[in-house]
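The lines below spell out each chain.
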Amino acid sequence: MKILVLNGGSSSFKCWFQDVPEGEGPSEGAPPRWSARVDWSRNSGAADVKITRSDGASATRTITADSPSRFLEPVLEGLWKGEAKAIDSPAEVDVVGHRIVHGGPKYRESVLVTAEVRAGIAEQAEFAPAHTPLQLAAIETVIRIIGSSVPQVAVFDTGFHATLGPAAYVYPGPYEWLDQGIRRYGFHGISVQYSTRRAAELLQVPKNSSRLIVCHLGNGASVSAVANGKSVDTSMGFTPLEGIMMGTRSGSIDPSILVYLIRRHGSTADQMDDTLNRKSGLLGVSGISGDMREILEARDQGNERARLAYDIYAHRLTSEIGAMLAVLGGVDAIVFTGGIGENCAPLREDVCRQLAFLGLKLDPAKNARPALDQNVAAEGSQVQVLVIRADEDWEIARECQRLRSIQPFRG
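Here is a short report on the structure shown in this document. Small disclaimer: the values here were computed from a predicted structure and weren't measured. (Residues numbered from 1 in each chain as written. Predicted model: local features only at pLDDT ≥ 70, side-chain atom pairs only at ≥ 80, totals over all residues. Heavy atoms only, no water.)

1. Structural notes on the nonpolar core
A general feature of soluble globular proteins is that nonpolar side chains tend to end up buried together. Formed by 44 residues in total, the largest nonpolar core has its most connected members in Ile 213, Leu 217, Ile 334 and Leu 347. Secondary-structure elements contributing two or more residues to this core are β9 (211–217), β10 (221–227), α10 (292–300), α11 (304–328), β12 (333–337), α13 (345–354) and β14 (384–387). Apart from residues lying up to four places away in sequence, Leu 217 is in contact with Ser 222, Ile 244, Tyr 313, Leu 317, Phe 336, Thr 337, Gly 338, Gly 339, Ile 340, Gly 341 and Leu 347. Counting residues in each nonpolar core, the second largest holds 33 residues, with Trp 34, Phe 71, Leu 76 and Val 93 among its members. (Core = buried A, V, L, I, M, F, W, Y, C linked by side-chain atoms within 4.5 Å. Buried < 20%, exposed > 50% of the residue type's maximum accessible area, 1.4 Å probe, protein only. Helix = DSSP H or I, 4+ residues; strand = E, 2+ residues; numbered from the N terminus. Contact = heavy atoms within 4.5 Å.)

2. Observations regarding the side chain of His 102
As for its placement among the helices and strands, His 102 is situated in the loop between β6 (95–100) and β7 (111–112). Residue classification places His 102 among the buried residues on the basis of a relative accessible area of 1%. A polar side-chain atom of His 102 sits 2.8 Å from the main-chain amide nitrogen of Gly 104. A polar contact of 3.4 Å, which involves the side chain of His 102, links it to the backbone oxygen of Phe 238. With residues near it in sequence (within four places) discarded, His 102 still touches Gln 124, Phe 127, Ala 128, Phe 156, Thr 158, Tyr 185, Phe 187 and Phe 238. (Polar contact = N/O pair within 3.5 Å; in protein donor to acceptor, adjacent residues only side chain to side chain.)

3. A look at the packing of helix α2 (residues 115–123) against helix α3 (residues 132–145)
Angle between the axes and distance between the axes are the two parameters that describe a pair of packed helices. In the contact formed by α2 and α3, the axes pass within 10 Å of each other and the chain directions differ by 160°. Considered as vectors, α2 and α3 are oriented roughly antiparallel to each other. Note on packing geometry: the crossing formed by α2 with α3 is left-handed. Of α3, the residues touching α2 (which contributes Arg 118, Ile 121 and Ala 122) are Thr 132, Leu 136, Ile 139, Glu 140 and Ile 143. Per-class residue counts for the contact of α2 with α3 are five nonpolar, one polar and two charged. (Axes fitted to C-alpha atoms, helices over the stretch in contact; angles between N-to-C directions. Parallel < 35°, antiparallel > 145°, perpendicular 65-115°, else oblique. Left-handed = near helix turned anticlockwise from the far one by under 90°. Nonpolar A, V, L, I, M, F, W, Y, C, P; charged D, E, K, R; others polar.)

4. Comments concerning α13
Here α13 has its buried residues at Ala 345, Leu 347, Arg 348, Val 351 and Cys 352. End-on view of α13: buried residues confined to an arc of 160°, all on one side of the axis. Elements that come into contact with the buried residues of α13 comprise β9, α11, β12, α12 (338–343), α14 (364–368) and β14. (Arc of directions from axis to C-beta.)

5. Some details on the environment of Arg 197
In this structure, Arg 197 sits in helix α6 (residues 189–203). Spatially, the C-alpha atom of Arg 197 lies 23 Å from that of Tyr 169, the residues being 28 residues apart in sequence.

6. Points about the sheet that holds β9
Spatially, six strands are ordered β11-β10-β9-β12-β14-β13 in an open sheet, and the strand pairing comes out mixed. Looking at which strands have only one partner, the edges of the open sheet turn out to be β11 (230–234) and β13 (374–375). For β9 and β10, the ladder comprises seven bridges, and the chain directions are antiparallel. Counterpart to Leu 212 in the pairing with β10 is Val 226. Contacting β9, β10, β12, β13 and β14, α6 runs over the sheet at an angle of about 130° to β9. (Pairing = 2+ DSSP bridges.)

Pasting the structure below:
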């Protein structure tokens, strides 16, 4: 089955294409036949596009676009046109899988996209206004340039967390909030689902038999407690703002801070949204960057605000892992994934040092230079520490396969 996966963010877009043999799960580590990454600058209106093929062929170009959705058509056409094309015709695409950030209260698992589903996703757009419009535009673009007959699958980042119990997802405000859709949804679910399954493979245990704490650490970051293959708690909530400190997001803060800013400084909702989502976190504290690599470099050069930013990040992460540990009643493995989780050895070391009371021991050499999808715990450690390469694309492809096994798409 030839699967095209489209993963849209607020200012970036990833395309992934692979042949997956019928009846077989995707093979971890295998590069896609074709991929494209687009980074769009709101200031310049330019989209930088890089297309890569598994045989080494590549192409780069810059597209001028007044909105992210305007670059979708020429980028998708690169799959069957140009020097780095991978197929001869769009008709060769068997199914298109989409990452949809927020399904709201309506969509709690992957679904085949229909006109009704498109309308339903649009109704939930208020829950993720920075992402949903581009993801809906991707669905419409596929219909326009590939055709309405190609099946499309919506895979929701909130879906894996549909197993949260009421004690975990109901906020302790007025009960009427729940009727208004105000509840904890959780995010990074596609990544956590992939990590949960991959962890079982690495530990050589059944996937529904372990207690895992999955730390998805990128520009956005979350910590999830997974018991027997199901999410039982997670740090993100109604939006991806809740939880631990992130690149430019504050994570959880005292809500009275917002009341104070409104009353004393006349702050507006838009101003607070901008501050909490784009001017806080590592960037806000350091004043330098939201990129952990730049924070570490500045810290090592003696920048005290960068040191403080790193220390807060490590403290908040350790604290959240401790909370998830209590919810699970113990843990078999801690998983680090995402750009920071996979690449920041000092952070893994500092966090795991605080958890030594669990009998957790790192292998310093493995942790310093881990091969991705590796256990970096020392021999004899009572808790395993896994570094897993985030791979939402394969998980979305797997969901396409799963739905196809339940209901034939076409033909």
